[in-house]
Each structure stands twice: as C-alpha cells, then as structure tokens.
Amino acid sequence: MCPDPPKKPSGTLPGGVPTGPVDGGGLCCACPANGDVNTNGYGTYVSTDYSATHARTNKCKIAIVRTEEGGTVTVTKSFTLSYTRGATEAAHKATVSGAIAGAMSGWQAGAVPYRILIEQPGCKPQKLKIQYASAIAAAGGDVNVAVDNRPAEVPALRSGVTGGTEMEFFINGGGDVTWTMTHETGHTFGLLDEYTYNRPTNVGPKATYKGADDPTKVVTLPATGGVAPAAGPFAFANSTIMGINGNNVFPDYLFYWIAIEVKKILQAAGVTAVVKVVTA
Ligand SMILES: [Zn+2]
C-alpha cells in the first residue's frame, strides 16, 4: 500500500511536478520499489587504467522501502552452494553460510556512515539506510559457490571469485575468512581491486568511480606504501577493503553502485530522481 495520495501536476509543488507515465501512474513518494540487478561493474561502476578489463558481475536484488524522509535500501544476494573434494552439505554448509553472513555484516558495517539520498520531484528528500542481506538458495542463486575440502596447500589456497558470479570456498584455505569473503563479495557487487599487478611499469595508476548523480571520483592509487615493492603484485595498494589484505576502510564511492541501481529502479517505475551517496 502507498500511503501518499496520487499527486496531480500543479506546478506549485517543491522541486517540480512528479514525473511518471502520462496516465498519472508515477510512483508516490513513499511507495516501495524493487529490482533485480545484473550488471557488469567494470565500466559501469568503476574502471581503471591499470587492470585487465575483466567482467565483475553484480547480481543481486534491491528493495527500496521509503518513508516521508527516510527508509532503507536493502541489497540481498543469494548463494547456491555445491560441494567438491570431500566437502559435504552436512559437514560444511554452516561454515560457508557463516562466512557469507560475516561478509554481509562487513559491508553493512562499512555502510553505516552513509545514506542513499533520493530527491524525487514533488517529494521531500529521503535519506535511506543501506542494508545488506544474504540467502542460501538451493538452486539459481546470484552467486555459485564451490565448497572445496581439499587439504591445505602451500602457498595457502585463498577463497574467492574465479570469474563472473562463480566462487570457490576452500575449507582449508588461508587468510582471515571473514575479511577474504568481504573483499570477494565486493567483487560480486561489481567492484574492482584497488591494486595493480604491474609495478613498477604502472606509475600513479587510477581507478575511476562513477556515481548516479555523485560526481565521478578518480582515485589515484599510492605509488608507495601498503605492501613493500618486493611483494610484487600487491604494490600500489589503496587503503580500503578492496585494496589491502586485512584493511576495513569503506570509502563512500564503494557504495556509488547502489545509487546507480536505485536510480535505474526508480526510472523503471516512471520516476526520474536525483540519487546520491551522502553522509548519514
Ligand atoms: Zn580482489
């Protein structure tokens, strides 16, 4: 149910008349909206001058619930688990589910300082909280996870995205599991690594983040710091969840993609709104 009465174009409403289909069926100010996301983040959310142009596929669902001046944007990603090399549902589902839930908690905590601002013509500005949720789907999830119970290897196996929406989860892998899954689920939201593999050839590499209505943000990765050059591929790392192992900094631009998708969902419902990431 939409609590707002339909608005008739009068020309006197703040911010102009509501937009929408000519039949007057535009979305009311507090009407909910939902959408399925299936976007290649590379080029759509972020691009770099240092990385191969591999796809970073974001599949998830977004639910927008609005009040007069607030509400929530809930991002839900579903995971379908399969089991290989000695892994079983009975023995390992809880471990993997816990790691996935931990990753979503990581993103949710990272989003606490921010809101999605919606400025819909004819409505008050709305600042919506960002929420992340996950679900385990028997089949057809947004992400497929191959749960692998092979013995530990040297160097340690690292769980992660193998391409598109495919992931491997090593029960006997190395690294901090929650951090690793938070970083890797970042890729399944279409985000790129903030490090380059090609030091010292690449000097001052840049990542360019697009907003819906936020100005494009160009991030220059540091040429020093993070990890010593001798470590090779992890040089040029930026101090964020997507840049340095174990780092838990979440800049606002890592949430720009949500504004892009929210704007798209509202557009599909007949509303042309300004959508931005702002501080809470
Ligand atoms: Zn990565």
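Residues numbered from 1 in each chain as written. Predicted model: local features only at pLDDT ≥ 70, side-chain atom pairs only at ≥ 80, totals over all residues.

Regarding the overall build of the chain
Right, on to step 1. Within the chain one finds 4 helices and 12 strands.
Right, on to step 2. Within the chain, buried positions represent 40% of all 280 residues.
Right, on to step 3. Considering only intrachain contacts with a sequence separation of at least 6, the fraction spanning at least 24 residues in the chain is 67%. (Helix = DSSP H or I, 4+ residues; strand = E, 2+ residues; numbered from the N terminus. Buried ≥ 20, exposed ≤ 12 C-beta atoms within 10 Å, placed from the backbone. Contact = placed C-beta atoms within 7 Å.)

So, the nonpolar core
Right, on to step 1. One finds I116, F255, Y256, I258, A259 and V262 to be the most contacted residues of the largest nonpolar core, which totals 63 residues.
Right, on to step 2. In terms of residue count, the dominant contributor to this core is helix α4 (residues 256-268) (8 residues).
Right, on to step 3. Sequence-distant contacts of I116, that is, excluding residues within four places in its chain, are made with V73, L128, I130, I258, A259, V262, V275 and V277. (Core = buried A, V, L, I, M, F, W, Y, C linked by C-beta atoms within 7 Å.)

Let's talk about the packing of helix α2 (residues 89-111) against helix α3 (residues 177-188)
Right, on to step 1. Between α2 and α3, whose axes approach to 8 Å, the crossing angle comes to 70 degrees. Taken together, the axes of α2 and α3 lie roughly perpendicular to each other. α3 is crossed by α2, and the crossing has right-handed handedness. Side by side, α2 and α3 meet where A99, I100, G102, A103, G106 and W107 of the first sit next to V177, T178, M181, T182 and T185 of the second.
Right, on to step 2. In the contact of α2 with α3, the residues fall into 6 nonpolar, 5 polar and no charged. (Axes fitted to C-alpha atoms, helices over the stretch in contact; angles between N-to-C directions. Parallel < 35°, antiparallel > 145°, perpendicular 65-115°, else oblique. Left-handed = near helix turned anticlockwise from the far one by under 90°. Nonpolar A, V, L, I, M, F, W, Y, C, P; charged D, E, K, R; others polar.)

Some thoughts on the sheet that holds strand β10 (residues 206-209)
Either a parallel or an antiparallel arrangement is found when strands of a sheet pair, and the pairing is made through backbone hydrogen bonds.
Right, on to step 1. Pairing is antiparallel in the open sheet, where 3 strands are placed in the order β2-β10-β11. Each edge of the open sheet is held by one strand with a lone partner, namely β2 (46-48) and β11 (217-220). Each adjacent strand pair in this sheet contributes to an overall mean axis angle of 20 degrees, direction not counted. (Pairing = 2+ DSSP bridges.)

Some details on the environment of C123
Right, on to step 1. By the secondary structure assignment, C123 is in the loop between β5 (114-119) and β6 (126-136).
Right, on to step 2. When the 24 C-beta atoms within 10 Å are taken as the criterion, C123 is described as buried.
Right, on to step 3. Separated by 95 residues in sequence, C123 and C28 have C-alpha atoms that sit 8.3 Å apart.

Notes on the pairing of strand β8 (residues 160-163)
Right, on to step 1. Pairing geometry for β8 and strand β9 (residues 166-170), over 3 bridges, is antiparallel. Bridge pairing links V161 to M167 in β9.

Concerning the pairing of strand β3 (residues 57-66)
Right, on to step 1. Two strands pair when backbone bridges link them, and strand β1 (residues 33-40) and β3 are joined in this way by 8 bridges, in the antiparallel orientation. Bridged to V37 within β3 is C60.
Right, on to step 2. Where β3 meets strand β4 (residues 71-84), 6 bridges bridge the pair, whose relative direction is antiparallel. Within β4, the residue paired with I64 across the bridge is V73.
Right, on to step 3. Connecting β3 to the next strand, β4, in antiparallel fashion are 4 residues.

Overview of the confidence of the model for the chain
Right, on to step 1. For the chain, per-residue confidence averages 87 on the pLDDT scale, and residues scoring 70 or more make up 82% of the total.
Right, on to step 2. Contacts from residues 1-24, a stretch scored under 50 in pLDDT, to residues over four places away or in other chains number 38 contacts.
Right, on to step 3. Every residue in residues 226-234 is under pLDDT 50, and counting partners more than four places away or in other chains gives 12 contacts. (pLDDT = per-residue confidence, 0-100.)

A word on unusual backbone geometry
A negative phi angle characterises most non-glycine residues, just as the trans form characterises most peptide bonds.
Right, on to step 1. Note that the residue after V154, namely P155, is joined by a cis bond; omega there is -5 degrees.
Right, on to step 2. Residue position: P155 is located in the loop between β7 (143-148) and β8.
Right, on to step 3. A positive phi angle, near 50 degrees, is found at R85, a position not held by glycine.

Some details on the environment of D148
Right, on to step 1. Checked against the element boundaries, D148 lands in strand β7.
Right, on to step 2. Residues D148 and F170, 22 residues apart in the sequence, show an inter-C-alpha distance of 4.9 Å.
Right, on to step 3. With near-sequence residues (within four places) excluded, D148 lies in contact with T84, R85, A87, E168, F169, F170 and I171.

So, α3
Right, on to step 1. With 12 residues, α3 extends 16 Å from end C-alpha to end C-alpha; this agrees with the ideal 16 Å at 1.5 Å per step.
Right, on to step 2. For α3, the complete set of buried residues consists of T180, M181, T182, H183, E184, T185, G186, H187 and T188.
Right, on to step 3. At its buried positions, α3 is contacted by β3, β4, α2, β7, β8 and β9.
Right, on to step 4. Note on α3: the residue one or two positions beyond its end, G190, has a positive phi of about 90 degrees. (Expected span 1.5 Å × (residues − 1).)

Notes on α2
Right, on to step 1. With 23 residues, α2 should reach 33 Å at 1.5 Å per residue; the first-to-last C-alpha distance of 32 Å fits that figure.
Right, on to step 2. Turning to α2, its buried residues number three or more, namely V96, I100, A103, M104, G106, W107, G110 and A111.

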